[in-house]
Amino acid sequence: MKTKTRWLLAIILVGVLTLTACSKDQEEASTGDGESMNATITVQYEQDWKDHYEKAKERVLEKYPEADIQLVEVDSFENLETIDSTSSTNEDVPDVFALPLDRFTGLAENDALGAIDGEKMAEELGGFGNLDDSIAHQLMLDDDYLAFPYNIETLILYINTKNAEEQNVDTTKAMEINELDYDNALVKIWDAWFGVGALNATDIELLEQNDDGFASDMTAQWNELAPEKQETISELYNYGKKHIENNTSLFDKDASGGYIEEQMATGNAGVVTLDGPWASGSYAKLTNDGEDLEIQPIGNLTIGGKSFKHWKGGWALGVNSRNEEDENKMTLAQEMIKEIVNPEYAADLFESTGKILENVSAEDYENSELSDFNKEVIKATKESYDEAVDRPLFKEWGQVWETWENAILSWSSTKPASDEQAYEQIKASFDAMMSNIGQ
């Protein structure tokens, strides 16, 4: 009898120990709240981003080895078009994807983005300071963070120093756009992406949202415009007039890009142009592998004595809203986002994607192993970004692109005889736009 009892106790003990071991294993494989991390997510990336994303994935899987992260190569805008034409529930839309800031409002209003713990993520990554001063404040709907900051973007100056020397342009001081020869400064002013660099110099609002709806400075009568805003329009008119009279391709929508590249190549007249940090490689190729290339903040180009300044643009990373009810998927998605933008790997991110993190200082980039050229690009971007203004994100602003473009390009055919006549073309276009908006 005693022997049977001992055997029974031994069996019970083995069972208890086995259950304890299993419980411990499950606990170690949990998210911290007792739930298993046997989750699978898909993550969108573009071809050039693959190396960085693979390494980020590996770091997440070190923490959650039982998870499954599948990388899906698809162009960011193609992915967003799929969402717009179908919905985020479409199985072809990944669980984690990148989006430019100007697409955030539409995605948020269409419930395509799941709520994330932005404050906790920012605190764990560090470097953001007050989130109200970060891109993050533009990624909220009501009280929820619906995406997390990916990278900052703004425009910088690309300067061909050899051409500047030949054209007798002093690039060590501010360059006034209309004091240079027409083919020394090359800016597609008809494209609002570049044109706002000049307009922001005197706070011209092409479209703003207020308590009464929407308003535009470009619907005011000419004599009602503030003098400094009149001067900016006058300078833009004078700049455009020189190119139109000299029959350049700058006002040819299809040929302008090629014209700028041709002029900015060493041996030609181009001295300075505007572009983003992503274009640095292209301009290096035009300037003897960068030997003749200098990068400066956008504010070193002026119009009417006022510095150009662009937008605080950028991209974000969002989580597909279809996952909101799956805590494990949401946790895994947020962990993947954190590793993609992990400040410890900021230099790797830049070399792989050309993206600059908001929460990593220019000094930290300077102390990295990046090339001197890349450090120069980042420094100029950071300085330009600090002086930039918030980018308008409401969806109605989307109508401004074509409105501004058509108005400015019309100067080629209408050939206005004065700045006031040139402005009338702008005003007519914006009056029509505001009518479409319902103002």
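Residues numbered from 1 in each chain as written. Predicted model: local features only at pLDDT ≥ 70, side-chain atom pairs only at ≥ 80, totals over all residues. Heavy atoms only, no water.

Enquirer: Help me understand the overall build of the protein chain, please; the structure alone is not making it clear to me.
Expert: Each helix and strand counted, the protein chain has 17 helices and 17 strands in total. Projecting the C-alpha coordinates of the protein chain onto the three principal axes gives extents of approximately 115 × 50 × 35 Å. The proportion of buried residues among the 439 residues of the protein chain is 52%. A separation of at least 24 residues holds for 75% of the contacts in the protein chain among residues at least 6 apart in sequence. For the protein chain, the separation between the mean place of its 33 positive charges and that of its 89 negative charges on side chains is 6 Å. (Helix = DSSP H or I, 4+ residues; strand = E, 2+ residues; numbered from the N terminus. Buried < 20%, exposed > 50% of the residue type's maximum accessible area, 1.4 Å probe, protein only. Contact = heavy atoms within 4.5 Å. Lys, Arg positive; Asp, Glu negative; His and termini not counted. Charge placed at Lys NZ, Arg CZ, Asp CG, Glu CD.)

Enquirer: Quick question: what am I supposed to make of the side chain of arginine 59 here?
Expert: Within the element layout of this structure, arginine 59 appears in helix 2 (residues 50-63). Of the residues examined, arginine 59 reaches a relative accessible area of 16% and is grouped as buried. In this structure arginine 59 touches His52, Glu339 and Tyr345, once residues within four positions along its chain are discounted.

Enquirer: In this structure, what is going on with the nonpolar core? I would like to understand it.
Expert: Side chains of a nonpolar character, in soluble globular proteins, are inclined to be buried together. Core analysis: the biggest nonpolar cluster contains 133 residues, and Tyr53, Tyr150, Leu206, Met218, Met336, Trp404 and Ile426 have the highest contact counts within it. The element best represented in this core is helix 17 (residues 419-437), accounting for 7 residues. Residue contacts for methionine 218: discarding those within four places in its chain leaves Ile204, Glu205, Leu206, Leu225, Ile233, Trp404, Tyr423, Ile426, Lys427 and Phe430. (Core = buried A, V, L, I, M, F, W, Y, C linked by side-chain atoms within 4.5 Å.)

Enquirer: How should the packing of aromatic side chains be read in this particular structure?
Expert: Within the structure shown, the criterion is met by 14 aromatic pairs. Ring geometry for tyrosine 45 and tyrosine 53: centres 6.3 Å apart, planes at 40 degrees, overall tilted. Take tyrosine 45: its relative accessible area is 6%, and that puts it in the buried class. Ring centres 5.4 Å apart and planes at 50 degrees place the aromatic pair tryptophan 222 and tyrosine 423 in the tilted group. (Phe/Tyr/Trp six-rings, centres within 6.5 Å; stacked < 30°, edge-to-face > 60°.)

Enquirer: Would you mind showing me how to read helix 2 here?
Expert: What sets the pattern is the α-helix's 3.6 residues per turn: residues three or four places apart point alike. Between its first and last C-alpha, helix 2 extends 20 Å over 14 residues, near the 20 Å set by a 1.5 Å rise per residue. Burial in helix 2 covers these residues: His52, Tyr53, Ala56, Arg59 and Val60. Across the axial projection of helix 2, the buried residues extend over an arc of 120 degrees, all falling on one side. (Expected span 1.5 Å × (residues − 1). Arc of directions from axis to C-beta.)

Enquirer: How should I be thinking about the sheet that holds strand 15 (residues 306-307) in this particular structure?
Expert: The pairing of strands in a sheet happens through backbone hydrogen bonds and is either parallel or antiparallel. Reading across from one edge, 8-14-15 is the order of the 3 strands in this open sheet, with mixed pairing throughout. The open sheet is flanked by strand 8 (175-176) and strand 15, the only strands paired with a single partner. Pairing geometry for strand 14 (residues 301-303) and strand 15, over 2 bridges, is antiparallel. The residue of strand 15 that forms the bridge with isoleucine 303 is lysine 306. (Pairing = 2+ DSSP bridges.)

Enquirer: Sorry if this is basic, but what is going on with the pattern of salt bridges here?
Expert: Once their charged atoms are close, side chains differing in charge can pair, the charge on each being opposite to the other. Here the structure, examined in full by the defined rule, presents 16 salt bridges. With a closest N to O distance of 2.9 Å, lysine 253 and glutamate 405 form a salt bridge. With lysine 253 in the loop between helix 8 (227-245) and helix 9 (256-264) and glutamate 405 in helix 15 (residues 400-409), the pair connects residues that are 152 residues apart, well separated along the chain. Salt bridges sharing common partners tie together Lys63, Glu124, Glu335 and Lys338. (Salt bridge = Lys/Arg side-chain N within 4 Å of Asp/Glu carboxyl O.)

Enquirer: What exactly am I supposed to notice about the packing of helix 2 against helix 11 (residues 327-340) here?
Expert: Two numbers describe a pair of packed helices, the interaxial angle and the distance between the axes. Put simply, helix 2 and helix 11 touch, their axes get as near as 9 Å, and they point 130 degrees apart. Comparing the axis directions of helix 2 and helix 11 gives the class oblique. Crossing hand, helix 2 versus helix 11: right-handed. Residues His52, Tyr53, Ala56, Lys57, Arg59, Val60 and Lys63 of helix 2 form the contact with helix 11, whose participating residues are Leu332, Glu335, Met336, Glu339 and Ile340. (Axes fitted to C-alpha atoms, helices over the stretch in contact; angles between N-to-C directions. Parallel < 35°, antiparallel > 145°, perpendicular 65-115°, else oblique. Left-handed = near helix turned anticlockwise from the far one by under 90°.)

Enquirer: For this particular structure, what's the right way to read the pairing of strand 13 (residues 293-297)?
Expert: Counting buried positions over the 5 residues of strand 13 gives 4, a clear majority of the element. Looking at chain direction, strand 7 (residues 156-160) and strand 13 are connected through 5 bridges and run antiparallel. Considered in strand 13, the bridge of isoleucine 159 is made with glutamate 294.

Enquirer: I tried to follow the environment of aspartate 92 on my own but got confused; where do I start?
Expert: Position of aspartate 92 relative to the elements: it lies in the loop between helix 3 (76-85) and strand 3 (96-100). As for aspartate 92 and serine 280, which are separated by 188 residues in sequence, their C-alpha atoms are 33 Å apart.

Enquirer: How should I be thinking about the sheet that holds strand 13 in this particular structure?
Expert: With mixed pairing, the 4 strands of this open sheet are ordered in space as 9-12-7-13. Among the strands making up the open sheet, the edge pair consists of strand 9 (185-186) and strand 13. Along the sheet, helix 14 (residues 372-387) contacts strand 7 and strand 13; its crossing angle with strand 13, the most-contacted strand, is approximately 25 degrees.

Enquirer: Is there a simple way to think about the environment of proline 100 in this case?
Expert: Tracing the backbone shows proline 100 in strand 3. Look at proline 100 and you get buried, because its relative accessible area is 5%. A sequence separation of 52 residues divides proline 100 from isoleucine 152, and the C-alpha atoms of the two residues are 10.0 Å apart. Not counting the four nearest positions on each side in its chain, proline 100 is found in contact with Phe77, Leu80, Gly314 and Trp315.

Enquirer: Sorry if this is basic, but what is going on with unusual backbone geometry here?
Expert: Glycine aside, residues mostly have negative phi, and peptide bonds are mostly found in the trans state. A positive phi angle is found at aspartate 111, which is not glycine, with a value near 60 degrees. What makes aspartate 111 exposed here is its relative accessible area of 57%. For aspartate 203, which is not glycine, the phi dihedral falls at a positive 55 degrees. Within the fold, aspartate 203 resides in the loop between helix 7 (192-199) and strand 10 (208-210).

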